[in-house]
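One-letter residues, chain by chain:
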Amino acid sequence: MKKGEIALESLRTTYRKKIWTKFVKAIKDFNLIEDGDKIAVGVSGGKDSLLLCKLFQEMKKDKSKNFEVAFISMNPGFEAMDMEKFKSNLEELEIPCEVFESNVWEIAFKEDPERPCFLCAKMRRGVLYNKVEELGYNKLVLGHHFDDMVETTMINMFYAGTVKTMIPKVKSTSGKMELIRPMIYIKEKDIIAYTQKNEIEAMGCGCPVESGKIDSKRKEIKNILNRLEEKNPNVKQSIFNSMRNINLDYVVGYTRGNKRNTNKVEE
C-alpha cells in the first residue's frame, strides 16, 4: 500500500476519533461545504496543510457531498532544495497540486527585516486570495487548527488590545469568496502524532523566523500557554470555549461591523 493510501486509511481507523470525526463535526456545525461549491485547498507543505489535503480526499469519497476540490500552493520564495522536498512530499502522498510562484519573502524581509511576519502573512493571504478568485473557486480552505485559534485569541488580547480570533467561515475582503477552516476542532498534538505515525516529513515554514532565528509573537504565546498547561491541562480548551461564550452584557464595549457599542458602567 502506498504512503498516500496508508495516510487515508489511518484517518478511518487510528485517528478517526481525534481527527476525522472532529473534521466532519466542524463542517456540519458551521455549514462549511455546500452543494455546488468549488473549493481550493491552500497547501503550504507543512503538517497542517498536508493533513488537510488527505481529509478532503477522504471527504470527496462521500457521494452525498456534491462539490469540486483542487489543491493549490504558492511558492513564497523557497530554496530549490526545499521546493524539491515539497514536490516529493506531494508525490508520495498522492496529492495533485498546482504551484504558482511569488516573491513574498523577498519583499517582506526588505520592508521589515527584523519583524517580517505580519507583512509576510498579509501578502501571502493577498496573493493566494487573488489567485483563488482568478481560478474561479468560491471557497478557500485553510489549515488552521484548535491551537491556532487559541493562540490568535491570546495574541489579540496581549498585543492588539482586542478580543477576537479566527472563525470557521468568513467572507474574503473582496466578498467574492469565503475562507473556511474545517480543522478548527483538531488539536495540534494529534496532527503531530498523525504526521509521525504516517512517516510524513512535513516542511517547516522555511524562513528564518519560523526556524527560530527571529522571535515572533506567536512563538511567545505558544511558550506561555505551554507553561500554563503544566498547572492547568485544560487551559487551552477554556480559552477556546470562552470565544464561544461571550456575554455582551458583561463587557465594557464591543464593535460590530463599523458600529461601536459601549455598555454603561454603574458607579
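Look up a bit, the structure's there.
Conventions we followed
Residues numbered from 1 in each chain as written. Predicted model: local features only at pLDDT ≥ 70, side-chain atom pairs only at ≥ 80, totals over all residues. Heavy atoms only, no water. Helix = DSSP H or I, 4+ residues; strand = E, 2+ residues; numbered from the N terminus. Rg over C-alpha atoms; globule rule 2.2 N^0.38 Å. Contact = heavy atoms within 4.5 Å. Lys, Arg positive; Asp, Glu negative; His and termini not counted. Charge placed at Lys NZ, Arg CZ, Asp CG, Glu CD. Pairing = 2+ DSSP bridges. Axes fitted to C-alpha atoms, helices over the stretch in contact; angles between N-to-C directions. Parallel < 35°, antiparallel > 145°, perpendicular 65-115°, else oblique. Nonpolar A, V, L, I, M, F, W, Y, C, P; charged D, E, K, R; others polar. Core = buried A, V, L, I, M, F, W, Y, C linked by side-chain atoms within 4.5 Å. Buried < 20%, exposed > 50% of the residue type's maximum accessible area, 1.4 Å probe, protein only. Arc of directions from axis to C-beta. Patch = residues over 30% accessible without salt bridge, like charges linked within 9 Å, V, L, I, M, F, W, Y side chains within 5 Å. Areas by Shrake-Rupley, 256 points an atom, 1.4 Å probe, with all protein chains shown as cover. Salt bridge = Lys/Arg side-chain N within 4 Å of Asp/Glu carboxyl O.

J.: How should the overall build of the protein be read in this particular structure?
T.: When you go through the protein residue by residue, the secondary structure sums to ten helices and eight strands. The C-alpha atoms of the protein give a radius of gyration of 19 Å, which matches the 18 Å a tight globule of 267 residues would have. Each principal axis of the C-alpha distribution contributes one length, and for the protein these read about 70 × 45 × 45 Å. Restricting to contacts in the protein with at least 6 residues of sequence separation, those with at least 24 account for 74%. If you average the places of the 46 positive and of the 40 negative side-chain charges in the protein, the two averages end up 5 Å apart.

J.: Looking at this structure, how should I read the sheet that holds strand β2 (residues 68-75)?
T.: What links the strands of a sheet is backbone hydrogen bonding, and the strands pair in either a parallel or an antiparallel sense. The strand order across the open sheet formed by six strands is β3-β2-β1-β4-β6-β5, and the pairing between neighbours is mixed. Strand pairing shows two members of the sheet lacking a second neighbour, β3 (97-101) and β5 (169-171), which therefore form its edges. When the angles between neighbouring strand axes are averaged without regard to direction, this sheet yields 30°. Relative to strand β6 (residues 178-180), β5 runs antiparallel, the two being bridged by three bridges.

J.: Looking at this structure, how should I read the packing of helix α9 (residues 217-231) against helix α10 (residues 235-242)?
T.: It is the contact of α9 with α10, at a shortest axis distance of 8 Å, that shows an interaxial angle of 115°. Compared by their axis directions, α9 and α10 come out roughly perpendicular. Side by side, α9 and α10 meet where L225, N226, L228 and E229 of the first sit next to V235, K236 and I239 of the second. In terms of residue class, the contact of α9 with α10 is built from four nonpolar, one polar and two charged.

J.: When you look at the nonpolar core in this model, what are you seeing that I'm missing?
T.: If you look at soluble globular proteins, the nonpolar side chains tend to sit buried side by side. One finds F23, L55 and F56 to be the most contacted residues of the largest nonpolar core, which totals 36 residues. Elements represented by at least two residues in this core include exactly α1 (3-12), α2 (16-29), β1 (38-42), α3 (47-59), α4 (80-92) and α8 (188-197). If one sorts the elements of this core by residue count, α3 sits on top with seven residues. Those residues within four positions of L55 in sequence are excluded, and the remaining contacts are L11, I19, W20, F23, M183 and I186.

J.: Looking at this structure, I do not really get α8. What am I missing?
T.: Turn by turn, an α-helix covers 3.6 residues, leaving residues three or four places apart pointing in a common direction. Where α8 is concerned, the buried positions are E188, D190, I191, Y194 and T195. Relative to the axis of α8, the buried residues are bounded by an arc of 160° and lie together on one face. More than 90 degrees from the buried face of α8, the exposed residues found are K189, Q196 and K197. In this structure, the buried residues of α8 make contact with α1, α2, α3, α7 (146-160) and α9. Positive backbone phi, approximately 55°, marks E199, located one or two places after α8.

J.: Is there a simple way to explain a nonpolar patch on the surface in this structure?
T.: On the surface, a nonpolar cluster with roughly 480 Å² of combined accessible area is contributed by M157, F158, Y159, V163 and I246. Of note, Y159 is situated in helix α7. Among the residues examined, Y159 registers a relative accessible area of 38% and is labelled partly exposed.

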